[in-house]
Amino acid sequence: MGYTLYRDRTQSSETHQQMWSSSLNSYLREHDMGRAGAICTLPDMIRHIEAIGSMWWQYTSPAQATLGAIRFKSGGIFEPALSPLIDSPKLFTACAVEGLRSWRALLARDPSRRTKYGDNHADMLLPNFDLGAYCFEQDGTGCIFTDGSRRDVPAGMVVAMLDIGRVPVWTRPDSFGGRGHYDNETRVSTIDYFMQVDAIQQGWKKAADAAAGATS
């Protein structure tokens, strides 16, 4: 397997060997991940984000991230759900993990999947995640943050991004298990996309509220 090597932006003169041995690159290699992302089960996704979500901020390109955001994508005709801006690596990881846990709890309530695959059916689904970056090309005015505030963000600011995709495709309960374009076990649910968006957003809010309560 080929591996993408990510440069630690906190190290001004990092050698190739140092890159190879860095915390992020070592983790990806040890878990057979060719990049900072994977198609995997939700429990594995949660473990990966807990391990590397915060450290990702220092490996973004073209510079070290100072903000974060999470994007939840249907892969279809619906607009992705985007979190408010997140202003610390710790909160970025907390929002991501709580969002994933909330999403998993909703998917686990799918009665059609439970009947066909058993109680662990939600952990058979295979969504994907990718860690990336977004750079503000121009000043952002009145951007919404997780604490509810609106702030201006200057051009050139780098945002650590977590993209969550391959969201389970919706089908009616009476159609579940039939032939289709997607594998039922790993890709299909009777929980519709908007309910899934609401669940993951509730997780983001839970983490943000907990962080605000801890500092008040």
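Residues numbered from 1 in each chain as written. Predicted model: local features only at pLDDT ≥ 70, side-chain atom pairs only at ≥ 80, totals over all residues. Heavy atoms only, no water.

1. Brief notes about the pattern of salt bridges
The criterion, for reference: Any Lys or Arg side-chain nitrogen found within 4 Å of a carboxyl oxygen on Asp or Glu counts as a salt bridge. Only DSSP runs of H or I reaching four residues or more are called helices, and only runs of E reaching two or more are called strands; each is numbered from the N terminus. Categorising residues by exposure relies on relative accessible area from a 1.4 Å probe, with only protein chains included: less than 20% of the type maximum marks a residue as buried, more than 50% marks it as exposed, and the intermediate range marks it as partly exposed.
Applying the stated criterion across every chain yields a total of 12 salt bridges. Between K206 and E98 there is a salt bridge, with its nearest N and O atoms 3.7 Å apart. Here K206, found in helix α7 (residues 193-215), pairs with E98, found in helix α4 (residues 89-107); they are 108 residues apart in sequence, far enough to count as distant. Owing to a relative accessible area of 53%, K206 belongs among the exposed residues under this scheme. Note that R104 is salt-bridged to D123, the shortest N-O span being 2.7 Å.

2. Remarks on the packing of helix α2 (residues 23-30) against helix α3 (residues 42-52)
We count it as follows: Axis lines are fitted to C-alpha atoms, over the contacting stretch for helices. Their N-to-C directions set the angle, which ranges from 0 to 180 degrees. Should an angle lie under 35 degrees it is considered roughly parallel, over 145 roughly antiparallel, and from 65 to 115 roughly perpendicular; all remaining angles are considered oblique. Should the near helix be turned counterclockwise from the far one by less than a right angle, the crossing is left-handed, whereas a clockwise turn marks it as right-handed. We call two residues in contact whenever any of their non-hydrogen atoms come within 4.5 Å of each other.
Following both chains from N to C, one finds α2 and α3 inclined at 160°, their axes separated by 11 Å at the closest point. Classified by the angle between their axes, α2 and α3 sit roughly antiparallel to one another. Viewed along their axes, α2 and α3 form a crossing whose handedness is right-handed. Counting all contacts with α2, which are made through L24, Y27 and L28, the residues of α3 involved are R47, H48, A51 and I52.

3. Overview of the nonpolar core
Condition: In these notes, a set of buried Ala, Val, Leu, Ile, Met, Phe, Trp, Tyr and Cys residues joined through side-chain atoms within 4.5 Å is what counts as a nonpolar core.
Ranked by size, the top nonpolar core spans 46 residues in total, and within it I70, F72, W103, F129 and L162 carry the most contacts. Looking at this core, the elements with two or more residues in it are α2, α3, β2 (67-72), α4, β4 (128-135), β7 (158-165) and α7. Looking at this core, the element that brings in the most residues is α4, giving nine residues. Setting aside residues up to four positions removed in sequence, L162 forms contacts with I49, A69, I70, R71, F92, A96, F129, D130 and L131. In terms of nonpolar packing, the next biggest core, distinct from the first, is built from nine residues, L67, F145, V159 and M161 among them.

4. So, the packing of aromatic side chains
In plain terms, the rule: Here a Phe, Tyr or Trp ring, Trp counted by its six-membered ring, pairs with any other such ring whose centre lies within 6.5 Å, and the pair is stacked when the planes are under 30 degrees apart, edge-to-face when over 60, and tilted otherwise. A ring has a charge above it when a Lys NZ or an Arg CZ is no more than 6 Å from the ring centre and no more than 35 degrees off the ring normal.
Applying the stated criterion to the full structure yields 10 aromatic pairs. Centre to centre, the rings of F72 and W103 are 4.9 Å apart; their planes meet at 90°, and the pair counts as edge-to-face. Taken as a pair, F72 in strand β2 and W103 in helix α4 lie far apart in primary sequence, 31 residues in all. A relative accessible area of 0% places W103 in the buried class. A ring pair is formed by Y134 and F136, whose centres lie 5.3 Å apart and whose planes are at 75°; its orientation type is edge-to-face. Taken together, the ring pairs connect F72, F78, W103, Y193 and F194 into an aromatic cluster. In this structure, R29 packs its charged tip against the face of W20, placed 3.9 Å from the ring centre. Against the face of F145 rests R151, its NZ or CZ located 3.8 Å from the ring centre.

5. Structural notes on unusual backbone geometry
Cis geometry marks the peptide bond from S61 to P62, where omega comes out at 10°. Tracing the chain through its elements places P62 in the loop between α3 and β2.

6. Points about the sheet that holds β4
Where we set the bar: By definition, two strands form a pair when at least two bridges between them are found by DSSP.
Taken in spatial order, the five strands of this open sheet run β1-β4-β7-β2-β3, and their pairing is mixed. What marks the edges here is a single partner per strand, and that holds for β1 (37-39) and β3 (81-82). In this structure, β2 lies alongside β7, joined through six bridges in parallel fashion. Paired with I70 across the two strands is L162, which belongs to β7. Taken strand by strand, α3 contacts β4 and β7, and its axis lies near 35° from that of β4.

7. With respect to the packing of α3 against α4
If you want to describe how two helices pack, look at the angle between their axes and the distance between the axes. Quick note on the threshold: All residues other than Ala, Val, Leu, Ile, Met, Phe, Trp, Tyr, Cys, Pro, Asp, Glu, Lys and Arg, Gly among them, are scored as polar; the first ten of these are nonpolar and the last four charged.
As a packed pair, α3 and α4 sit with axes 9 Å apart at the nearest point and diverge in direction by 170°. Considering the angle they form, α3 stands roughly antiparallel to α4. Residues L42, P43, M45, I46, I49 and E50 of α3 touch α4, and the partners they reach there are T93, A96, V97, L100, R101, W103, R104 and L107. When its residues are assigned to classes, the contact of α3 with α4 shows 10 nonpolar, one polar and three charged.

8. Notes on α3
Within α3 the residues assigned to the buried category are L42, P43, M45, I46, H48, I49 and I52. In this structure, the buried residues of α3 make contact with α2, α4, β4 and β7.

These figures come from the coordinates and say nothing about function on their own.
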